[in-house]
Amino acid sequence: VMTSPLVVNTWPFTNATETAWQILSASGSALDAVEMGCTTCEKLQCDGTVGFGGSPDENGETTLDAMIMDGDTQNVGAVGCLRRVKSAASVARAVLEHTRHTLLVGELATQFALQLGFKEETLETDHSRQLHQQWRDNNCQPNFWMNVKPDPAQSCGPYSRDWAAAAAAQASTPSWASAKAHDTIGMVAIDSQGKMAAGTSTNGAIHKIPGRVGDSPVPGAGAYVDGAVGGAAATGDGDVMMRFLPSFFAVEAMRSGAEPAEACRSALARIVARHPEFVGAMVALTKDGKHGAACHGIDSFPYSVAGGGEGVRVINVSCE
Ligand code: SD4
């Protein structure tokens with residue numbers, strides 16, 4: 001049965017949408033479309049928040065998180081905190097295609113990638129070095145520590161474990177709220193066979209504590225898809241989002257009959273009930289090609305679409 005292909009992704013990352021759309025309109029698979037769409041963003045360093053050279057951690061290193069999920073089998077391949085390999089989405093795809101595992105992390109995920117012939121290269125750029133230096137010049141604020149007192153001798157850490165000295169030093173600048181836009185790519189696609197896939201790729205949170213993995217490579221958090229229902233993907237404060245599995249929530253809401261935008265709204269509402277300052281956005285797509293989005297903590301959220309009789313376009317949604 002031929003169906004009408006469609007792809008949606010977070011933010012106005014239309015180059016990624018275009019890549020995915022070319023694959024889908026040539027009868028390519030949703031998995032290929034999502035992998036190559038996310039790869040386009042990794043190469044173009046979409047907004048500095050995907051791929052190499054962005055979001056340096058406290059040591060100045062960029063690490064990558066990515067996932068790809070097959071809506072047909074509900075199998076997942078993902079990498080977290082991937083070091084020195086640029087194409088995180090393709091490494092995630094390799095975890096999906098070549099292993100029985102779901103998530104590989106850190107240096108050992110890098111070793112996995114190298115075994116499969118991926119190229120080892122630095123993810124550092126002049127830009128990422130500059131971001132790291134600015135953060136150091138600014139006393140390493142904002143940061144993600146809580147309830148520890150910075151060592152005055154080394155203003156940018158290591159941190160002394162003075163748990164009693166809690167409140168004062170790290171007052172509670174929610175690091176995310178004060179950081180600028182954060183723009184992980186999350187993508188959901190339907191191909192001409194009616195099969196679905198979802199995926200994400202990001203360099204995570206800027207100035208994160210080394211070792212941090214966000215929501216993006218976690219199934220149900222950064223993205224989720226059930227080909228019998230639809231898929232969803234999320235962007236925003238991953239440390240908070242991953243506790244609520246918003247993409248799983250949105251897919252389940254659509255299973256119960258919610259429209260995509262409504263499904264996204266209720267998934268975010270669950271987070272906001274506990275974290276009113278939460279910043280994030282979601283996009284969702286049903287298996288019948290209905291799509292929508294919702295957002296919180298920003299004014300509006302643009303997402304990209306292609307298909308349904310039209311080429312690539314951006315739809316702007318006002319946030320709650
Ligand atoms: C993360 N969710 O690592 C990602 C970042 C992001 O838009 O979405 N930025 O927390």
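To keep things clear, this report deals only with the structure shown in the data block. (Residues numbered from 1 in each chain as written. Predicted model: local features only at pLDDT ≥ 70, side-chain atom pairs only at ≥ 80, totals over all residues. Heavy atoms only, no water.)

## Describing the state of the cysteines
Okay, step 1: According to the stated counting rule, one finds two disulfides in the structure shown.
Okay, step 2: Between the sulfur of C41 and that of C46 lies a disulfide, 2.1 Å long from S to S. The sign of the S-S torsion, about -90°, decides the handedness of the disulfide formed by C41 and C46: left-handed.
Okay, step 3: A relative accessible area of 8% places C46 in the buried class.
Okay, step 4: Between the sulfur atoms of C295 and its disulfide partner C319 the distance amounts to 2.0 Å. (Disulfide = S-S within 2.5 Å. Buried < 20%, exposed > 50% of the residue type's maximum accessible area, 1.4 Å probe, protein only.)

## A closer look at the packing of aromatic side chains
Okay, step 1: Counting across every chain of the model gives two aromatic pairs.
Okay, step 2: With centroids separated by 4.9 Å and ring planes inclined at 90°, the aromatic side chains of W11 and F301 adopt a geometry described as edge-to-face. Note that W11 is positioned in the loop between β1 (6-10) and α1 (14-25) and F301 in strand β13 (residues 300-307), a separation of 290 residues in sequence. Neither W11 nor F301 differs from the other in exposure class; each is buried.
Okay, step 3: When the centroid spacing of 5.1 Å and the interplanar angle of 85° are considered together, the rings of Y224 and F248 count as edge-to-face. Residue Y224 is found in strand β9 (residues 223-226), and its partner F248 is found in helix α9 (residues 246-255); the two are separated by 24 residues along the sequence. (Phe/Tyr/Trp six-rings, centres within 6.5 Å; stacked < 30°, edge-to-face > 60°. Helix = DSSP H or I, 4+ residues; strand = E, 2+ residues; numbered from the N terminus.)

## Considerations on unusual backbone geometry
Okay, step 1: We note that S27 has phi near 65°; this positive angle belongs to a residue other than glycine.
Okay, step 2: Along the chain, S27 falls in the loop between α1 and α2 (30-44).

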